[in-house]
Amino acid sequence: MKLLRNILDNLKPDFEKGGKFPWLHSTFDAFETFAFVPKTTTKNGAHFRDALDMKRTMTMVIVALIPALLFGTYNIGYQHFLSLDPKIGFFDEIWNNLWYGILKVLPIIIVSYVVGLSIEFGFAQWRGHEVNEGFLVTGMLIPLVMPPDVPLWQVAMATAFSVVIGKEVFGGTGMNFLNPALLARAFLFFAFPSSMSGDNVWIAEKADAFSGATPLAEMMAGASIPTHSFMEMLLGVMPGSIGETSAIAILLGAILLLFTGIGSWRIMLSVFVGGAVMGLTFNLFGSNPYTQIPFYYHYVMGGFMFGAVFMATDPVTASQTNRGKWIYGFLIGVMAVLIRVVNPAYPEGMMLSILLLNVFAPLIDYYVVDSNIKKRIKRWKMKGGENV
Amino acid sequence: MSNIITVKKGFDIKIIGEAENEILTPKVESYAIKPQDYIGLIPKMMVKEGDRVKAGSPIFYAKHNEKILFTSAVSGVVQSIKRGEKRVIEEVIIIPEQTQDYEDFGKESLASMNREDVLEKLLKSGLWTLIRKRPYAIIPNPDSSPKCIIVSGFDSSPLAANYNILLRGKAAEIQLGVDVLKKLTKGNIHVNVSFDKTTCDELLKLQGVEINKFKGQHPVGNISVQIAKLDPINKGESIWYIDAQDLAIIGKLFATGRVEKDRTIALVGNEVKNPRYYSVKLGASIANIVEKNVNKENNIRYISGTVLTGKTISYDGYLGAYDNLVSVITEGDYYEFLGWVLPGFKKFSLYRTFLSGFLNLLPKQKRKPINIDTNLHGGKRALVLTGEYEKVLPLDIYPMQLIKACIIGDIDLMEQLGIYEVDAEDFALCEVIDVSKTDIQQIIRDGLELMRKELGE
């Protein structure tokens, strides 16, 4: 490793102020710190620091996404071949399924990362900052919430929109208030509805005769129960966005996030509670078939699970206070089921519900913090302080 | 009378190099007073280089209040007055004489003195500066009075000195010191000790005080945490506090009429060969203490104070005004190949993304001491993770919101969020675990200083 270190040390002056390529400083720095944790030491305050940094934090989330990614890749292949031959079994064409899936998914991932990271590097350079690792996760989340047949140029546009308008205009990772990956999906949903809705986009190159309806679409169309069994939906053997079909694979990721403490258990739990409360309420008072399905069906249909585990828990756009997180997560669950069942226009309520609560998260925090402030003022007044 | 108070949040970090139970008396060749140890102080010199001073002679006074004197710990000659940038006075160095000569402050009995007499004696002898007040952690204005006074009887920081050893044999002086404090306030005198560590009669048998036994992990020893449990500070109120060892110095003054700034300190840290206790005076040079007692010549950091809050000093630097600890740890200026990917068996982390993070789930008695260095372990980033600071901050404060209020300098918001109840040191653990590598203590300190400048004390 000494060799690599020496090469980097030799190159370094070229990228510093007064060197040959000062305009590539952030880029060089990103690659250098990728290879080596820098030798910077503490200057002020605590003299030693925790070994965890942003790179590792974000890497953990990517690792947590791997089960969903692998399953999704395979499932795309399987769904494609299933539409051609409805008798085919899940394990009949393992290599074909996988290969077909890779051919579909890999280009989307590459486009998402190339477009997003170029913009990130550009902005970091322009601001003179280090490149923030936030996009490493966003760049993986975007492909996973895309339908398999989405045109690549649309992925590029959506990524560019979400990074520039969703994040960089506010100052970059940590300053944005909407989840960038969901914003990319929402952008496509409203700008190119034909690529993001209907029965034809959820299976790659689907045979025309085969119904490609997702469970959500079936329910919306008035079915009393989805064609796919609960077990199939739990495992994820159904059409849908690339990474969101398998509740089991997503739960594996959730276990890692909770185990390492990177994901907020408060948010995850409260999203599920919110979904259950709304689902049960519909069971009691609803009249049409959609209101009568068991609440746990909502967990395994569409993007509920993926949203609860990977999207709602984004620390930047979620509520920042612990009490706020309970309210925020609960309302996401409630709104997601409410939009699904009641709104005739959007089959998938999770995306809109999370984006909506992203907008309200600062307000929730405001009231949580305000109660702390009020308590302090009250204590002061009891001691005879004047009005504030 | 004693209360048991439990603090639930917090974390004890165990580090290699705790001091052994043995007190040495080193020969100290120079002493210094460092005005920058006192927050917000602008010194006005009263001596010149070459002047001879006695133990207790004034060296400088505070510009904002000329009654507040800072006095020499030893008799000797003022060797130099070191200035830094913008001619700020950094150190006043005094070379001690063979035989010590003391200023006489009189041995009048405490019973016959009133508050003014006591105040005057404390101010003249310079021992007033051993007392600090919250909010702001500054030397209190002698014309003010606090709602209570806290005697700090333990430290919960990593590698902290053991107060049972520091206070050994000082029972009478501490008791006299308590009696002095009682002249200064109508409120309670709280003596705060550790529930499981404090065993010494010097504190536990004190008369006329309220003894509070605190149970929990760091920062349970911090004054803010204790105040929050005992009697939270409201706007316009103040609380004074003093370290138990410094109280003994005050007691001694009233017993003998002399200023004897004795302080037992601990030399600790993973780079110290034989971590032990040393009996010195305030402002002692550490040169003779660390010489031949550290593992290597270069690439180590000397800190006056704890590894969480102390100041970096050189190997021949001087002990800080309120410190009873010299920590010596490894400098971490090395590159680590793919360091952020490795499983991390030996890394220090409170997060469970490293395998070593799981060791922290053990109860504190079973955790093994670890090695640390000063590497930042990553680059500075915007604040991203939330809900982490709360785990190590046992105060009814929203840390993220307060930090942001300090960054934007909104004094109304800072006040509403409880800035009066905290000090920079309370955020040390938040700073340690911060994934974004933010200098949180500096941010809080700047926020406090802004408040003080805008609103006065």
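Residues numbered from 1 in each chain as written. Chains lettered and ligands numbered in written order. Predicted model: local features only at pLDDT ≥ 70, side-chain atom pairs only at ≥ 80, totals over all residues.

**Q** I'm lost on the overall build of chain B in this one. Help?
**A** For chain B, the count of helices and strands is 11 helices and 20 strands. Relative to a compact globule of 457 residues, whose C-alpha radius of gyration would be 23 Å, chain B shows 22 Å and is just as compact. The principal-axis extents of the C-alpha atoms in chain B amount to approximately 65 × 50 × 45 Å. Every one of the 457 residues in chain B was classed for burial, and the buried ones make up 52%. Counted over contacts in chain B with a minimum sequence separation of 6, partners at least 24 positions apart contribute 69%. (Helix = DSSP H or I, 4+ residues; strand = E, 2+ residues; numbered from the N terminus. Rg over C-alpha atoms; globule rule 2.2 N^0.38 Å. Buried ≥ 20, exposed ≤ 12 C-beta atoms within 10 Å, placed from the backbone. Contact = placed C-beta atoms within 7 Å.)

**Q** Would you mind showing me how to read the sheet that holds strand 19 (residues 325–330) of chain B here?
**A** Hydrogen bonds between backbone atoms are what pair the strands of a sheet, whose relative direction is either parallel or antiparallel. Residue and element names in this part refer to chain B. Reading across the sheet, the six strands line up as 2-16-15-19-17-18 and stay open at both edges, with mixed pairing between neighbours. The open sheet has two free edges, formed respectively by strand 2 (23–24) and strand 18 (311–313), since each of these has just one partner strand. Here three bridges tie strand 17 (residues 300–304) to strand 18, and the two strands are oriented antiparallel to one another. In the strand pairing of strand 18, Ile303 is matched with Thr312. (Pairing = 2+ DSSP bridges.)

**Q** What is the right way to read the interface of chain B and chain A from this model?
**A** By a frequent convention, interface size equals the accessible area lost on bringing the separate parts together. Residue-level contacts link 63 residues of chain B with 50 residues of chain A. For the side of chain B that touches chain A, the elements supplying multiple residues, two or more each, are strand 17, strand 20 (336–337), helix 8 (399–408), helix 10 (428–433) and helix 11 (440–455) of chain B. The element contributing the most residues to the side of chain B that touches chain A is helix 10 of chain B, with four residues. Sheet analysis places strand 1 (residues 36–37) of chain A next to strand 20 of chain B, joined by two bridges and oriented antiparallel. When the bridges of strand 20 of chain B are listed, A:Val37 appears paired with B:Glu336.

**Q** Teacher, can you tell me more about the domain arrangement of chain B here?
**A** Residues and elements named next belong to chain B. Domain annotation of chain B identifies domain 1 (2–25 + 111–256) and domain 2 (376–455). For domain 1 and domain 2, the distance between their C-alpha centroids amounts to 25 Å. In this complex, domain 1 contributes 18 residues to the contact, which on the side of domain 2 involves 16 residues. Looking at which element gives the most residues to the side of domain 1 that touches domain 2, the answer is helix 5 (residues 223–230), with three residues. (Domains from an automatic or database assignment.)

**Q** It is not clear to me how the sheet that holds strand 9 (residues 89–96) of chain B should be interpreted in this structure. Could you clarify?
**A** All names here are of chain B. Here we have four strands laid out as an open sheet, ordered 3-9-8-5, and antiparallel in their pairing. Taken across any chain shown, the strands that pair with only one partner, and hence form the sheet edges, are strand 3 (31–33) and strand 5 (52–53). One ladder, built from seven bridges, connects strand 8 (residues 76–83) with strand 9; its direction is antiparallel. Counterpart to Gly76 in the pairing with strand 9 is Pro96.

**Q** Just checking my understanding: could you explain the domain arrangement of chain A for this structure?
**A** Residue and element names in this part refer to chain A. Parsing chain A into structural domains produces domain 1 (2–35) and domain 2 (55–372). Averaged C-alpha coordinates put domain 1 and domain 2 at centres separated by 37 Å. Facing six residues of domain 1, the contacting portion of domain 2 comprises six residues. Among the residues forming the side of domain 1 that touches domain 2, the class breakdown is two nonpolar, three polar and one charged. (Nonpolar A, V, L, I, M, F, W, Y, C, P; charged D, E, K, R; others polar.)

**Q** Honestly, the packing of helix 1 (residues 2–15) of chain A against helix 2 (residues 25–35) of chain A in this entry has me stumped. Any pointers?
**A** Describing two packed helices takes the angle between their axes plus the distance from one axis to the other. Residues and elements named next belong to chain A. Running from amino to carboxyl end, helix 1 crosses helix 2 at an angle of 165 degrees, the nearest separation of the two axes being 11 Å. In terms of axis orientation, helix 1 runs roughly antiparallel to helix 2. You can see that helix 1 and helix 2 cross each other, and the crossing is left-handed. Judged by residue contacts, Leu4, Leu8 and Phe15 of helix 1 engage His25, Phe28, Glu32 and Ala35 from helix 2. Of the residues belonging to the contact of helix 1 with helix 2, the class tally is five nonpolar, one polar and one charged. (Axes fitted to C-alpha atoms, helices over the stretch in contact; angles between N-to-C directions. Parallel < 35°, antiparallel > 145°, perpendicular 65-115°, else oblique. Left-handed = near helix turned anticlockwise from the far one by under 90°.)

**Q** For this particular structure, what's the right way to read the packing of helix 6 (residues 152–164) of chain A against helix 7 (residues 180–191) of chain A?
**A** Residue and element names in this part refer to chain A. Viewed as axis vectors pointing N to C, helix 6 and helix 7 meet at an angle of 130 degrees, and their least axial separation amounts to 8 Å. As the angle between them shows, helix 6 and helix 7 are arranged oblique. Between helix 6 and helix 7 the crossing geometry is right-handed. Of the residues in helix 7, those touching helix 6 at Gln154, Ala158, Thr159, Phe161, Ser162 and Val163 are Pro180, Ala181, Leu183, Ala184, Phe187 and Leu188. Classifying every residue of the contact of helix 6 with helix 7 by side-chain character gives nine nonpolar, three polar and no charged.

**Q** Help me understand unusual backbone geometry, please; the structure alone is not making it clear to me.
**A** When glycine is set aside, most residues are seen to have a negative phi, and most peptide bonds are trans. That bond from B:Arg134 to B:Pro135 is cis: its omega, -5 degrees, falls within 30 degrees of zero. Turning to its location among the elements, B:Pro135 is positioned in the loop between strand 10 (132–134) and strand 11 (149–152). One non-glycine residue, A:Glu205, lies in positive phi territory at about 45 degrees. Within the secondary structure layout, A:Glu205 lies in the loop between helix 8 (193–196) and helix 9 (215–220). For A:Glu205, a count of 12 C-beta atoms within 10 Å puts it in the exposed group.

**Q** Help me understand the environment of A:Val105, please; the structure alone is not making it clear to me.
**A** All names here are of chain A. Position of Val105 among the secondary structure elements: in helix 4 (residues 94–127). Among the residues examined, Val105 registers 24 C-beta atoms within 10 Å and is labelled buried. Not counting residues within four places of it along the chain, the set of residues in contact with Val105 comprises Gly72, Thr73, Ile76, Pro143 and Ile242.

**Q** I'm lost on the pairing of strand 9 of chain B in this one. Help?
**A** The side chains of a regular strand alternate, residue by residue, between the two faces of the sheet. Residues and elements named next belong to chain B. Pairing between strand 3 and strand 9: three bridges, direction antiparallel. Looking at the pairing, Ala32 lines up with Ile93 of strand 9. Where strand 8 folds back on strand 9, the antiparallel hairpin that results is connected by five residues, among which Lys86 adopts a positive phi of roughly 55 degrees.

**Q** Could you clarify how one ought to interpret the confidence of the model for chain B in this entry?
**A** Detailed reading of predicted coordinates is not advised where the pLDDT is low. With 100% of its residues at a pLDDT of 70 or more, chain B has an overall mean of 93. Interface confidence for the predicted complex, expressed as ipTM, amounts to 0.90; the pTM equals 0.92. (pLDDT = per-residue confidence, 0-100.)

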